[in-house]
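Analysis of the macromolecular model
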Amino acid sequence: MSQFAINLLFVGASFALYIGIAVWARAGSTKEFYVAGGGVHPITNGMATAADWMSAASFISMAGLIAAGGYGASTFLMGWTGGYVILAMLLAPYLRKFGKFTVPDFIGDRFYSRTARVIAVVCLIVASVTYVIGQMTGAGVAFSRFLEVPSSVGIWIAAAIVFLYAVFGGMKGITYTQVAQYVVLIIAYTIPAVFIALQLTGNPIPMFGMFSTHTESGIPLLQKLDDVVRALGFQSYTGDNGGKMNMFLLTLSLMIGTAGLPHVIIRFFTVPKVADARWSAGWALVFIALLYLTAPAVASMARLNLMTTIYPEMTGQVDDYEAAAANPIRYEDRPDWIRSWEDTGLITFTDHNNDGRIQFYNDTNPDFAGTEAERGWAGNELVVNNDIMVLANPEIANLPPWVIGLIAAGGIAAALSTAAGLLLAISSAISHDLIKKTINPNITEKGEMRAARISMAGAILLATYLGLNPPGFAAQTVALAFGIAAATLFPVLMMGIFSTRMNSAGAISGMLAGLVTTLLYLFTYLGWFFIPGTNMLANTPENWLFGISPLGFGPIGALANFAVAFAVSRATAPPPVEIQELVESVRYPKGAGMAVSH
Amino acid sequence: MADDKTNAAAYWKANLRLIIGCMIVWAFVSYGCAILLRPLLSGIPVGGTDLGFWFAQQGSILTFIGLIFFYAWRMNRIDRQFGLGE
């Protein structure tokens, strides 16, 4: 059977499974559509949350980012998991006790204000829409690579599948589909990692393998990797990189952004009890950690594999790295996997010094210029796209074709599950918060269901359109989504729970302050509405305010939000007594069963 | 009613104390051991690198999981102790 047929079989079988589940778990009421009926077991919910959270970026790009960045890229690992500690302790249980359907629902009721509700809807939509574009393009790329269709056709297929199970199943369909998607994606991720860890270190568990001995050279794997990359002018893999403040801020930004992203928060509304919301956050992190603890191992091993493929003499025990570096592989002797990825354009080779060999090194390192001239090298000759680190792994390790089919199904599952979660957050904010709670409070349950399905379909069409015609800023969208969630929704949720004194004026001015400062800072360096060329300052460390990278600005926006909200609320009247009582009641788990029966 | 109020206040205080303790550990392993204090941990070797790197790529995540389960377990006990569970 050809590789194409195997991929088709795996992807087709997984789609049949998702749609089968959606038919079985059709939503019959708004409660089922928004919160899956509210009876999801915490372990099931944890698994669904993990699939919801782990996007195409986690599955495909994260290991590549770590492989390229080494220690510095640890921010992604800590940032995208540490937010669950905040969620479990500061948000999930109280929002579950409050017992509503959406995040703006809490903000609107807690701050007894239609304005606060609408601002929250706007923040939610901006954060979710920017995030969903990346998912749709990610699904398109995965389809075009594995099913050999144009990326635009891939996006349409992805849209059709999400439409089928999200519009009919709502949260109920999405929850059980995400459980299946989690199983597919985690198997797809760990199987190649286990084989590669076995080959390189003899240890089948990747997270231990990365800290054990490299079999062929007899020295620890990470030390070997450091030696190899340093010999070629790259920055040491495990070494400190200096930029501690931005590493700190970016980690914090990703953590509070994670805790503030609405599609993650609403997953905690689906469990029966407050205690279940706490457990469920723990289970979610366990399932996420299975991938996040494996990713750094995949990253370091893939990087070492790549380097020793190009410089075969560096594989075993090396006394003289200088000599080994002088003998890179001949271009004609390159392995098959490099040939097949060259076809996709994700690996490119240019023979700058015409010696027929592949020189792969860091030609931007000024300290390395002397060595470079000495060896007669005329610039780096191999450009490798970070994203292939996970996708090419099975080929690098010579694994059977069915593993590649599995990776295809896993990558697509990761993109689709996150897209579905985001689309649900968007559509429920529109049908519940805008239509039912703001425009037409007299709408019937049936009418609201229809509105929810229509807005879901509309959101899918919009996401498909944006995936097909990505605005110039597609690459910046993650920064925007996290920055906005961190600077607007997270602080206002926190203050809504932990401060009985916080009133509507404070919450509204705080959200606006966080939104405006974050947008201004991002637009200053990345261009107005991300239109290239309209940025007022070049995006370089010398220009940054106090050296803060736009990516790490979320916590500063959150700080502005807290400060303004605090000042304004002290200067205005306290919230009404019944709201203060409501805040008190949110703090105690007793009676959550009652609160859900809205 | 007055008893209910003091009971509830004590429950909330116990909750906050537990949260603060957990958040200190949370910040210590990630921002502390993995980033700011890493130079201090450079003398402790772990599999070809040092303890700070291990905390940055594995240790923090494992600690986070432990923290959430510890919190959930302690809170269940506190819920029962104050009669505020479900």
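Considering the overall build of chain B
When its secondary structure is counted, chain B shows three helices and two strands. Going from N to C terminus, chain B has its helices and strands arranged as α-α-β-β-α. The globule rule puts the C-alpha radius of gyration for 86 residues at 12 Å, and the 18 Å found for chain B is more than 25% above it. With the principal axes as the frame, chain B shows a C-alpha extent of 60 × 20 × 15 Å. Burial status across chain B gives 51% buried among its 86 residues. Summing over all exposed atoms, chain B offers an accessible surface of approximately 4,100 Å²; the carbon and sulfur share of this is 68%. On chain B, the mean spot of the 7 positive side-chain charges and the mean spot of the 5 negative ones are 7 Å from each other.

Observations concerning the environment of A:V229
All names here are of chain A. Structurally, the position occupied by V229 is in helix α10 (residues 221–231). Between the C-alpha atom of V229 and that of S428, which follows or precedes it by 199 residues, the distance is 49 Å. Discounting chain neighbours no more than four positions away, the residues touching V229 are F234, Q235, S236, Y237, R303 and M307.

Here's the deal with the packing of aromatic side chains
Under the definition given, this model contains 35 aromatic pairs over all chains. Over the ring of A:F234 we find A:R303, and its NZ or CZ is 5.1 Å from the ring centre. Seen from the ring of A:Y71, B:R38 lies directly overhead, with NZ or CZ sitting 4.1 Å from the centre.

Remarks on the packing of helix α7 (residues 114–146) of chain A against helix α23 (residues 504–526) of chain A
All names here are of chain A. Packing of α7 against α23 leaves a shortest axis separation of 10 Å and a crossing angle of 25°. Regarding the angle of α7 to α23, the classification is roughly parallel. As α7 packs across α23, the resulting crossing turns out to be left-handed. Between α7 and α23, the contacting residues are T115, A116, I119, A120 and C123 on the first element and I508, M511, L512 and L515 on the second.

Regarding the interface of chain A and chain B
On the side of chain B, 45 residues touch chain A, which itself brings 53 residues to the contact. Between chain A and chain B, a total of about 4,400 Å² is buried, with carbon and sulfur atoms accounting for 73% of that surface. The three residues of chain A that bury the most area against chain B are A:M89, A:F211 and A:R278, which together make up 17% of that side's buried surface. Here chain A and chain B share two salt bridges between them. Residue A:R278 is joined to B:D79 by a salt bridge in which the shortest nitrogen-to-oxygen separation is 3.1 Å. Where chain A touches chain B, the interface holds eleven residue pairs in polar contact (both at pLDDT 80 or more).

Points about the confidence of the model for chain A
Confidence along chain A averages 88 in pLDDT terms, with 97% of residues attaining 70 or more. Contacts for the low-pLDDT stretch residues 593–598 of chain A, under 50 throughout, to residues beyond four places or in other chains number ten contacts.

Comments concerning the state of the cysteines
All names here are of chain B. Taken as a whole and assessed by the stated rule, the structure comprises zero disulfides over all chains. Cysteine C33 shares no disulfide, and the gap to the nearest cysteine sulfur, in C22, comes to 16 Å. A relative accessible area of 5% means that C33 is categorised as buried.

Looking at the pattern of salt bridges
Residues and elements named next belong to chain A. Counting across every chain of the model gives 14 salt bridges over all chains. In this structure, the salt-bridge partner of R339 is D336, at a minimum N-O distance of 3.8 Å. Of this pair, R339 and D336 are both found in helix α16 (residues 336–344), three residues apart, which corresponds to roughly one turn of the helix. Residue classification places R339 among the partly exposed residues on the basis of a relative accessible area of 32%. The exposure class of D336 is exposed, given its relative accessible area of 62%. Look at the salt bridges and you will find they share partners, linking K100, D105, D109, R117, D433 and K437 into a network.

Remarks on the nonpolar core
Residue and element names in this part refer to chain A. In terms of nonpolar packing, the biggest core is built from 238 residues, with W53, F59, L91, I107 and Y292 touching the most fellow members. Looking at this core element by element, the count peaks at 22 residues for helix α8 (residues 151–201). Sequence-distant contacts of L91, that is, excluding residues within four places in its chain, are made with I86, A259, I265, F490, L493, M494 and I497. Counting six residues, the second largest nonpolar core, distinct from the first, contains Y521, Y525, W544 and F553.

Here's the deal with the side chain of A:R334
Tracing the backbone shows A:R334 in the loop between α15 (321–325) and α16. Residue class for A:R334 comes out buried when judged on its relative accessible area of 13%.

Observations concerning unusual backbone geometry
Residue and element names in this part refer to chain A. At A36, a position not held by glycine, the phi torsion is positive, near 55°. Among the structural elements, A36 can be located in the loop between α2 (30–35) and α3 (42–53). Taking the relative accessible area as the measure of exposure, A36 reaches 9% and is therefore buried. Backbone geometry at F546 places phi at a positive 50°, although glycine is not the residue there. Tracing the backbone shows F546 in the loop between α23 and α24 (554–571). Take F546: its relative accessible area is 71%, and that puts it in the exposed class.

Observations regarding helix α1 (residues 3–24) of chain A
Residues and elements named next belong to chain A. End to end, α1 covers 32 Å across 22 residues, agreeing with the expected 32 Å (1.5 Å per residue, within 8%). Taken as a whole, α1 has its buried residues at I6, N7, V11, S14, F15, Y18, I21 and A22. Taken around the axis of α1, the buried residues stretch over an arc of 160°, which confines them to a single face. In α1, the exposed positions angled more than 90 degrees off the buried face are occupied by L9, A16 and W24. Buried residues along α1 sit in contact with α7, α8 and α20 (401–439).

Considerations on the confidence of the model for chain B
Across chain B, the average pLDDT comes to 90, with 98% of residues at or above 70. Here the predicted complex scores 0.91 on pTM and 0.94 on ipTM.

Parameters and conventions
- Residues numbered from 1 in each chain as written.
- Chains lettered and ligands numbered in written order.
- Predicted model: local features only at pLDDT ≥ 70, side-chain atom pairs only at ≥ 80, totals over all residues.
- Heavy atoms only, no water.
- Helix = DSSP H or I, 4+ residues; strand = E, 2+ residues; numbered from the N terminus.
- Rg over C-alpha atoms; globule rule 2.2 N^0.38 Å.
- Buried < 20%, exposed > 50% of the residue type's maximum accessible area, 1.4 Å probe, protein only.
- Areas by Shrake-Rupley, 256 points an atom, 1.4 Å probe, with all protein chains shown as cover.
- Lys, Arg positive; Asp, Glu negative; His and termini not counted.
- Charge placed at Lys NZ, Arg CZ, Asp CG, Glu CD.
- Contact = heavy atoms within 4.5 Å.
- Phe/Tyr/Trp six-rings, centres within 6.5 Å; stacked < 30°, edge-to-face > 60°.
- Lys NZ or Arg CZ within 6 Å of the ring centre and 35° of its normal.
- Axes fitted to C-alpha atoms, helices over the stretch in contact; angles between N-to-C directions.
- Parallel < 35°, antiparallel > 145°, perpendicular 65-115°, else oblique.
- Left-handed = near helix turned anticlockwise from the far one by under 90°.
- Buried area = accessible area lost by both parts, 1.4 Å probe.
- Salt bridge = Lys/Arg side-chain N within 4 Å of Asp/Glu carboxyl O.
- Polar contact = N/O pair within 3.5 Å; in protein donor to acceptor, adjacent residues only side chain to side chain.
- pLDDT = per-residue confidence, 0-100.
- Disulfide = S-S within 2.5 Å.
- Core = buried A, V, L, I, M, F, W, Y, C linked by side-chain atoms within 4.5 Å.
- Expected span 1.5 Å × (residues − 1).
- Arc of directions from axis to C-beta.

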